[in-house]
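Results of the structural survey
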Amino acid sequence: MSRVTEPQTTLIVSAQRALRLLEAAARYPSGATAKQLARDTGLALGTTYHLLRTLVHDRYLERFEGLYRTGPAVSGLSRAESPAAGRSRLDGLLGRIAHQLSAAVHFARYKDGEVDLLAAAAAPGAPTVDPRHFRAGAHAHAAGKTLLALMSAEERRSHLTRYPMIPFTPYTLREPAHLPLLPRHGPQRAAPITQYQEYALGTAGAAVPIVLGSGLAAVAVSLPMSQAHRLPEIAARLRTRVGDDLVTAAFGL
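Predicted model only: the values in this text are computed from it and were never measured.

Turning to the overall build of the chain, a few remarks are in order. When you go through the chain residue by residue, the secondary structure sums to nine helices and seven strands. The buried share among the 253 residues of the chain stands at 43%. Here the contacts in the chain between residues at least 6 apart in sequence split such that 60% fall between residues at least 24 apart. Of the roughly 13600 Å² of accessible surface on the chain, a fraction of 55% belongs to carbon and sulfur atoms.

As structure tokens, this is what we get:
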């Protein structure tokens, strides 16, 4: 009589090692070095680097100044994220971008008919903009101009009826016809929208759009006019930072 044997379970060792690295990294909210993670998991350093590169590529981890921490793909594994956790993640993202670009960074969203500043991060020598008039000044600052550029004609008309284009400085645009427009589909291919001293004297800014379905958001940088020559390069670099992490943050709050 023949014996019936159960198929042997095959374990994927590399998957196990990668999961151990993720678990180890999750214990360091501020990030850990590759050597720390290798020690914690008992993996060889070479193996650790190989797995870390893969996990960073797939956004399960992110690398910042030599430290590894959990990335946006890990957040996506959870069905729900608390508002506090989402806000903390957004603040962390903006802080890192501000540090990398040496510029103030602002994150705005158009929701329920309003232009709102959700979060901002300053950089040395580059303070964040005055938030008190952010809604009313959407026609003047780069993030607001970008959101207005993405709105439908009816949405833009409604906003400007409630918040007329008053001058904040002598350089503020006054006519709706002078506002830029962006295609709702594929706006990331358009050039970043800029402003020079339109919202506040002595400051310049640029913004790039973030669109997901009907959701509209914008991330902007701000610099003092003494550094305005950096704006095109900074805006181009900002564009490359608009990925899944910011999209998740944009529409997860």
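Along helix α8 (residues 231-240), the residues classified as buried are L231, I234, A235 and L238. Axial view of α8: buried residues confined to an arc of 100°, hence all on one face. Residues of α8 that are exposed and point more than 90 degrees away from the buried face comprise P232 and T240.

Glancing now at unusual backbone geometry. One non-glycine residue, S102, adopts positive backbone phi at about 55°. When you line up the elements, S102 lands in the loop between α5 (83-101) and β3 (104-111). Look at D112: it is not a glycine, yet its phi comes out positive at around 55°. When you line up the elements, D112 lands in the loop between β3 and β4 (114-121).

Before going further, it helps to examine the pairing of strand β2 (residues 67-70). Alignment of strand β1 (residues 61-64) against β2, held across four bridges, turns out to be antiparallel. When the sheet's bridge partners are listed, E62 is paired in β2 with R69. The antiparallel hairpin formed by β1 and β2 contains two residues in its connecting segment, where E65 sits at a positive phi of about 55°.

This part is about the sheet that holds strand β7 (residues 215-224). Strand pairs in the sheet, formed through backbone hydrogen bonds, run parallel or antiparallel to each other. An order of β4-β3-β7-β6-β5 is seen for the five strands of this open sheet, with the pairing classed as antiparallel. Among the strands making up the open sheet, the edge pair consists of β4 and β5 (193-196). For this sheet, the mean angle separating the axes of adjacent strands, direction not counted, is 25°. Where β3 meets β4, seven bridges bridge the pair, whose relative direction is antiparallel. Bridge pairing links K111 to E114 in β4. Set on the sheet, α8 makes contact with β5, β6 (203-212) and β7; between it and β6 the angle comes to about 20°.

Per the stated rule, a full pass over the model turns up seven salt bridges. A salt bridge links R135 to D116; the shortest N-O distance between them is 2.6 Å. Of this pair, R135 sits in the loop between β4 and α6 (142-150) while D116 sits in strand β4; the two residues are 19 residues apart in sequence, bridging distant segments of the chain. Looking at R135, the relative accessible area reads 34%, which means it is partly exposed. Between K145 and E198 there is a salt bridge; the shortest N-O distance is 3.0 Å. Of this pair, K145 sits in helix α6 while E198 sits in the loop between β5 and β6, placing them 53 residues apart in sequence. Using a relative accessible area of 5% as the deciding quantity, one classes K145 as buried. Connected via shared salt-bridge partners are E114, D116, R135 and R162.

Next up on the list: the nonpolar core. Within soluble globular proteins, side chains that are nonpolar generally end up buried alongside one another. Counting 27 residues, the largest nonpolar core has L94, F107, V219, V221 and L246 as its most contacted members. Of all the secondary-structure elements, those providing two or more residues to this core are α5, β3, β4, β6, β7, α8 and α9 (244-252). By residue number, the principal contributor to this core is α5, which donates six residues. When residues no more than four places from it in sequence are discounted, the contact partners of L246 are L90, L93, L94, I97, F107, I210, V219 and R241. Judged by nonpolar contacts, the second largest core, of 24 residues, contains L147, L160, L182 and A218.

Cut-offs used in this document
Residues numbered from 1 in each chain as written. Predicted model: local features only at pLDDT ≥ 70, side-chain atom pairs only at ≥ 80, totals over all residues. Heavy atoms only, no water. Helix = DSSP H or I, 4+ residues; strand = E, 2+ residues; numbered from the N terminus. Buried < 20%, exposed > 50% of the residue type's maximum accessible area, 1.4 Å probe, protein only. Contact = heavy atoms within 4.5 Å. Areas by Shrake-Rupley, 256 points an atom, 1.4 Å probe, with all protein chains shown as cover. Arc of directions from axis to C-beta. Pairing = 2+ DSSP bridges. Axes fitted to C-alpha atoms, helices over the stretch in contact; angles between N-to-C directions. Salt bridge = Lys/Arg side-chain N within 4 Å of Asp/Glu carboxyl O. Core = buried A, V, L, I, M, F, W, Y, C linked by side-chain atoms within 4.5 Å.

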